[in-house]
Amino acid sequence: MGEKKVDMKPVNEKVISPAVIKRLPRYYRYLGDLLKNDVVRISSKELSRKMNVTASQIRQDLNNFGGFGQQGYGYNVEFLYNEMGRILGLDKTNNIIILGAGNLGQALANNQEFDNNGFKIIGLFDVNPRLIGMTVRGVEVYDIDALGEFLAKHKAVIAALTLPRSKAPKIAKELVDLGVKAFWNFAPIDLNLPEDVLVENVHLSESIMTLSYRIHSINS
């Protein structure tokens, strides 16, 4: 099964398209950069030039959540940044566990940007006895057999899978049985999980193959 559609429903219960949802983190990032540069307000036209998205598209996207702009004034950057964070759920703490404490798992655990955006890595898990007991930026690596006991004590909103292809489906099913409902899947396999479980696939090899196609199609 491929990546599941994520429906974000604001107060009016309107279903938000996946394309709009994928643009929301970009809005948040660009608005954060504007804040760091002490920009107080910005028009949709100015924002469109920075993001390479049409002003009309920006207005349509934001209107899904209430608009936020004022005619003749534009958008208050700090207010819109905070609203984007709220819409993305970044005003809450999102606990993450990482399954697979190899190079990729450790790289994720070392990413301090997660802390800045409300994501907290609370545990790493692996089968390798050489890794169990070590810490990565203060987060302990546990034996994967301790998953059930750990999740009985700590609520994890998201499970990040940096596992081999052969291991990911079994561990994902076990995590669903333990109550995990959202997966950030780096394993090179699509997960066949219940419809109420959310999966965001990050297949690195597919991404670079896409880039390869674009390079060679341009040069052919």
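Preceding this section is the structure that the text describes.
Criteria and cut-off values
Residues numbered from 1 in each chain as written. Predicted model: local features only at pLDDT ≥ 70, side-chain atom pairs only at ≥ 80, totals over all residues. Heavy atoms only, no water. Salt bridge = Lys/Arg side-chain N within 4 Å of Asp/Glu carboxyl O. Helix = DSSP H or I, 4+ residues; strand = E, 2+ residues; numbered from the N terminus. Buried < 20%, exposed > 50% of the residue type's maximum accessible area, 1.4 Å probe, protein only. Contact = heavy atoms within 4.5 Å. Phe/Tyr/Trp six-rings, centres within 6.5 Å; stacked < 30°, edge-to-face > 60°. Expected span 1.5 Å × (residues − 1).

(A) Inspection of the pattern of salt bridges at higher detail. Inspection of every chain in the model, using the stated rule, returns eight salt bridges. Taking the shortest distance from any N to any O, the salt bridge between Glu83 and Arg86 comes out at 2.8 Å. Of this pair, Glu83 and Arg86 both sit in helix 4 (residues 77-87), three residues apart, which is roughly one turn of that helix. What makes Arg86 partly exposed here is its relative accessible area of 41%. Between Asp177 and Lys173 there is a salt bridge, and its shortest N-O distance comes to 3.3 Å. Taken together, the positions of Asp177 and Lys173, both in helix 8 (residues 168-177) and four residues apart, correspond to about one turn of that helix. With relative accessibility at 58%, the residue Asp177 sits in the exposed group.

(B) Spatial organisation of the environment of Val136. On the secondary structure map, Val136 appears in strand 5 (residues 135-136). Residues Val136 and Asn110 lie 26 residues apart in sequence; the distance between their C-alpha atoms is 6.8 Å. Aside from chain neighbours lying at most four places away, what touches Val136 is Gln106, Ala109, Asn110 and Val141.

(C) How the structure looks around the packing of aromatic side chains. Inspection of every chain in the model, using the stated rule, returns eight aromatic pairs. When the centroid spacing of 5.8 Å and the interplanar angle of 80° are considered together, the rings of Phe114 and Trp184 count as edge-to-face. With Phe114 in helix 6 (residues 113-116) and Trp184 in strand 8 (residues 182-185), this residue pair connects regions lying 70 residues apart in the sequence. Ring geometry for Trp184 against Phe186: centres 4.8 Å apart, planes inclined by 65°, an arrangement best described as edge-to-face. Since its relative accessible area comes to 23%, Trp184 is described here as partly exposed. For Phe186, a relative accessible area of 11% puts it in the buried group. Here a set of aromatic residues connected by ring pairs shows up, and it is made of Phe114, Phe119, Trp184 and Phe186.

(D) Seen up close, helix 4. Looking only at helix 4, the buried set comprises Val77, Leu80, Tyr81, Glu83, Met84, Gly85 and Ile87. In the core, the buried residues of helix 4 are packed alongside helix 1 (18-36), strand 1 (41-42), helix 3 (55-63) and strand 2 (75-76). At the C-terminal side of helix 4, Gly89 shows a positive phi close to 80°.

(E) Structural detail: helix 1. If you check helix 1, its first and last C-alpha atoms are 29 Å apart, about what 19 residues at 1.5 Å a residue would give, namely 27 Å. Restricting attention to buried positions, one finds in helix 1 the residues Val20, Ile21, Arg23, Leu24, Tyr27, Tyr28, Leu31, Gly32 and Leu34. Contacts made by the buried residues of helix 1 are with strand 1, helix 2 (44-51), helix 3 and helix 4. Downstream of helix 1 by a residue or two, Asp38 has a phi angle that is positive, lying close to 60°.

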